[in-house]
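Descriptive analysis of the structure
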Amino acid sequence: AGGGSGPVPGDGTDPPAPERVLFPPTFSVSEIKNKQRRHFMFLRWKQQQRKEKLALKKKRRKEREALGDKAPPKAIPKTIENQRVYDETTVDPNDEEVAFDEATDEFAPYFNRQTVPKILITTSDRPRGRTVRFCEQLATVIPNSHVYYRRGLALKRIIPQCIARDFTDLIVINEDRKIPNGLVLSHLPDGPTAHFRMSSVRLRKEIKRKGKEPTEHVPEVILNNFTTRLGHSIGRMFAALFPHDPQFIGRQVATFHNQRDYIFFRFHRYIFKSEKKVGIQELGPRFTLKLRSLQKGTFDSKFGEYEWIHKRREMDTSRRKFHL
């Protein structure tokens, strides 16, 4: 008794205390029967996951700083965009066939500066207040645009009147249950006509930290990620809505950003705070478009010839396949 040779507490030979693990490796929240307890444990588990992820990120950053120039290049994370299935119709800017098509398509007079955009914005029959306000705000974004109400007229009767009055484009805003849910864009006089599903509409008063009312200056236009032949045609349709020469003094820019075949529209005002910093304010409105069909010629729902129609069961088989 008393002749033991085990470690004496405090002499520096104590075995290291095991790390405290909050949840065992086989932990499953779904095994907890009590709903309130299960929700509480799930929140704790998510908090632990975030802490472990942040600790790993800090550790890797310190290792890279220690290695300096010898640090390996950062791994590129896999996303749906960079894993996109290759599309044979992707546009090459130096392709002679693409250049010839652009020089002879329906938008050639606009890009050759032979026509000045003049837009008619109208609605479905008996529009509600939200749709009316959206059309009015859209008219402040697109220069030389005019808002008129349908008054029961069919589009086939409106289009000849637009052509006679030198309108270059017709925009129709459709609604369902008092909410704008569709947009028809027809280029006059020879088409094409595109039909979009519209969602996530936000008017100016619904946008947080919005800027002051937009001015009458002609905005700049940014078109992002319209890479295929179909996307190229849609991008040219949007570009043909705006005059050629933006007024940079207004510092306003309209952006059509295509991501996974969803077209996000934003309208901003920017200011250069310094040589490296730029501040932006969203002016509104904002909305999201999803192309449903592209039709040759002007609007004709019965006898029109369609260039492209979105067929969900045939085209949406892969999440990495995009058409624009």
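Residues numbered from 1 in each chain as written. Predicted model: local features only at pLDDT ≥ 70, side-chain atom pairs only at ≥ 80, totals over all residues. Heavy atoms only, no water.

- As named in an unreviewed UniProt entry, the chain is Ribosome production factor 1, taken from Edolisoma coerulescens.
- Word for word, the UniProt comment on the chain under Function (unreviewed entry) is "May be required for ribosome biogenesis." (UniProt positions renumbered as here; feature names shortened; annotations may be inferred.)

**As for the overall build of the chain**
- Within the chain, the secondary structure is distributed over seven helices and eleven strands.
- Rg of the C-alpha trace for the chain: 29 Å, well past the compact-globule value of 20 Å for 324 residues, more than 25% over.
- Across its three principal directions, the C-alpha atoms of the chain cover 115 × 55 × 45 Å.
- Counting only residues that meet the buried cut, the chain has 36% of its 324 residues in that class.
- Long-range pairs, those at least 24 residues apart, make up 64% of the contacts in the chain with a sequence separation of at least 6.
- Carbon and sulfur atoms make up 51% of the accessible area of the chain, which amounts to about 22000 Å² in all.
- Across the chain, the centroid of the 62 positively charged side chains sits 11 Å from that of the 39 negatively charged ones. (Helix = DSSP H or I, 4+ residues; strand = E, 2+ residues; numbered from the N terminus. Rg over C-alpha atoms; globule rule 2.2 N^0.38 Å. Buried < 20%, exposed > 50% of the residue type's maximum accessible area, 1.4 Å probe, protein only. Contact = heavy atoms within 4.5 Å. Areas by Shrake-Rupley, 256 points an atom, 1.4 Å probe, with all protein chains shown as cover. Lys, Arg positive; Asp, Glu negative; His and termini not counted. Charge placed at Lys NZ, Arg CZ, Asp CG, Glu CD.)

**Let's talk about the nonpolar core**
- Core analysis: the biggest nonpolar cluster contains 40 residues, and Ile-171, Phe-196, Ile-234, Phe-238 and Ile-263 have the highest contact counts within it.
- The dominant element in this core, judged by the number of residues it contributes, is helix α4 (residues 129-141), at five residues.
- What Phe-196 contacts, discounting residues up to four positions off in sequence, is Asn-181, Gly-182, Leu-183, Leu-185, Ile-234, Phe-238, Ile-263, Leu-289, Lys-290, Leu-291 and Arg-292.
- Ile-158, Val-172, Val-184 and Leu-188 belong to the second largest nonpolar core, which has ten residues in total. (Core = buried A, V, L, I, M, F, W, Y, C linked by side-chain atoms within 4.5 Å.)

**Details of the pattern of salt bridges**
- Counted under the stated rule, the structure contains nine salt bridges.
- The salt bridge partner of Asp-101 is Arg-229, with a shortest N-O separation of 2.4 Å. Taken as a pair, Asp-101 in helix α2 (residues 96-104) and Arg-229 in helix α6 (residues 229-239) lie far apart in primary sequence, 128 residues in all.
- With a relative accessible area of 27%, Asp-101 lands in the partly exposed category. (Salt bridge = Lys/Arg side-chain N within 4 Å of Asp/Glu carboxyl O.)

**Remarks on a positive patch on the surface**
- Positive charge collects at one region of the surface, where Lys-46, Arg-50, Lys-53, Lys-57, Lys-58, Arg-61, Lys-62, Arg-64 and Lys-74 lie side by side.
- Checked against the element boundaries, Lys-62 lands in helix α1 (residues 35-67).
- Since its relative accessible area comes to 61%, Lys-62 is described here as exposed. (Patch = residues over 30% accessible without salt bridge, like charges linked within 9 Å, V, L, I, M, F, W, Y side chains within 5 Å.)

**Digging into the pairing of strand β7 (residues 252-259)**
- Judged by how many residues are buried, β7 sits mostly within the fold: six of eight residues are covered.
- As judged from the five bridges shared by strand β6 (residues 220-224) and β7, these two strands associate in the parallel manner. Within β7, the position partnered with Val-221 by the bridge is Ala-254.
- Regarding the hand of the β-α-β motif, the stretch spanning β6, α6 and β7 is left-handed.
- The sheet contact formed by β7 and strand β8 (residues 262-272) spans eight bridges and is antiparallel. Paired with Gln-259 across the two strands is Tyr-262, which belongs to β8.
- Count of turn residues in the β7/β8 antiparallel hairpin: two residues, of which Arg-260 carries a positive phi of about 55°. (Pairing = 2+ DSSP bridges. Right-handed = clockwise from strand over helix to strand, strands pointing away.)

**Considerations on the UniProt feature "domain: Brix" (unreviewed entry) in the chain**
- The sites that UniProt annotates as "domain: Brix" (unreviewed entry) are residues 117-300.
- End C-alpha atoms of residues 117-300 are separated by 22 Å, and the span's content is 18% helix alongside 40% strand.

**Remarks on the packing of α2 against α6**
- Packing of α2 against α6 brings their axes to within 13 Å, and their N-to-C directions diverge by 30°. Crossing handedness for the pair α2 and α6: right-handed. For the pair formed by α2 and α6, the contact residues are Glu-97, Val-98, Asp-101 and Glu-102 on the first element and Arg-229, His-232 and Arg-236 on the second. (Axes fitted to C-alpha atoms, helices over the stretch in contact; angles between N-to-C directions. Left-handed = near helix turned anticlockwise from the far one by under 90°.)

**Considerations on the packing of aromatic side chains**
- Per the counting criterion, the structure on display carries ten aromatic pairs.
- Ring plane angle 10° and centroid distance 4.4 Å describe the contact between Phe-238 and Phe-256, whose orientation is recorded as stacked. Note that Phe-238 is positioned in helix α6 and Phe-256 in strand β7, a separation of 18 residues in sequence.
- A relative accessible area of 3% places Phe-238 in the buried class.
- With relative accessibility at 4%, the residue Phe-256 sits in the buried group. (Phe/Tyr/Trp six-rings, centres within 6.5 Å; stacked < 30°, edge-to-face > 60°.)

**Things to note about the domain arrangement of the chain**
- Taken as a whole, the chain is organised into domain 1 (29-68) and domain 2 (89-316).
- Taking only C-alpha atoms, the centre of domain 1 and the centre of domain 2 are 44 Å apart. (Domains from an automatic or database assignment.)

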